[in-house]
Amino acid sequence: MTALLWVAMAPAFAQATPVGVWHNIDDKTGEPKAQIRIGETAGGLNARIEKLLRKDAKPDEKCDECKDDRKDKPMVGLEIIRGAKKAVDKEVWEGGKILDPENGREYTLRLTPIEAGKKLEVRGSFGPFGRTQTWVRVQ
């Protein structure tokens, strides 16, 4: 009976990871801004914008504010998360950076799956200051 319970619960545990496709939500409107795919590489987690969802989004939009190798790159395909790694003994990924393409700034990153992996708390911080957004998994 116990083995059967573990098999039934396996999909819930498999989803308690940031890897997957997410909608980030606009703080002001509550509407999805972009579809983002988080993947795993040898260097940790990374994420790219797959699709812009804002009503005013332009298909050829570029990251004008970026200051590194992403400067003037198209927003669709833009890597916005680099190098997050799973913390030891916690369901948290940290140590990487997240880019805000609207202002070109990079922030220290912390990713925490919540609600059995259906949502993701994404915290970007700079020193003691930071902001947390909740992203929603695309089913």
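Owing to the predicted nature of the structure, the values given are computational and were not obtained by experimental measurement.

About the thresholds
- For every chain, the first residue of the written sequence is number 1, and numbering continues from 1 onward in sequence order.
- With pLDDT at 70 or above as the cut-off, local features in this predicted model cover only qualifying residues; side-chain atom pairs require 80 or more to be listed or tallied, and sums for whole chains, interfaces and linings still use all residues.
- Hydrogen atoms and water are omitted, and side-chain values are computed over all heavy atoms in the structure.
- Within this document, salt bridges are pairs made up of a side-chain nitrogen of Lys or Arg and a carboxyl oxygen of Asp or Glu, the two lying within 4 Å of each other.
- Between any two strands, pairing holds if DSSP finds at least two bridges.
- The numbering of helices and of strands both runs from the N terminus, where a helix is a DSSP run of H or I of at least 4 residues and a strand a run of E of at least 2.
- Orientation is described by lines fitted to C-alpha atoms, with helices fitted over the stretch in contact, and by angles between N-to-C directions that extend from 0 to 180 degrees.

## What about the pattern of salt bridges?
Tallying each qualifying case throughout the model produces 12 salt bridges. Residues participating in the shared-partner salt-bridge network are Arg54, Asp56 and Glu61.

## Here's the deal with the sheet that holds strand S5 (residues 93-100)
In space, the 8 strands of this closed barrel follow the order S1-S2-S3-S4-S5-S6-S7-S8, with antiparallel pairing throughout. When strand polarity is set aside, the average angle formed by the axes of neighbouring strands in this sheet is 35°. Both S5 and strand S6 (residues 105-114) contribute to a ladder of 6 bridges, which runs antiparallel. Counted as the bridge partner of Glu94 is Arg110 from S6.

## Focus: the pairing of S6
Where S5 folds back on S6, the antiparallel hairpin that results is connected by 4 residues, among which Gly104 adopts a positive phi of roughly 75°. Linking S6 back to strand S7 (residues 119-126) in an antiparallel pair, the connection comprises 4 residues, with Glu115 at a positive phi of about 50°.

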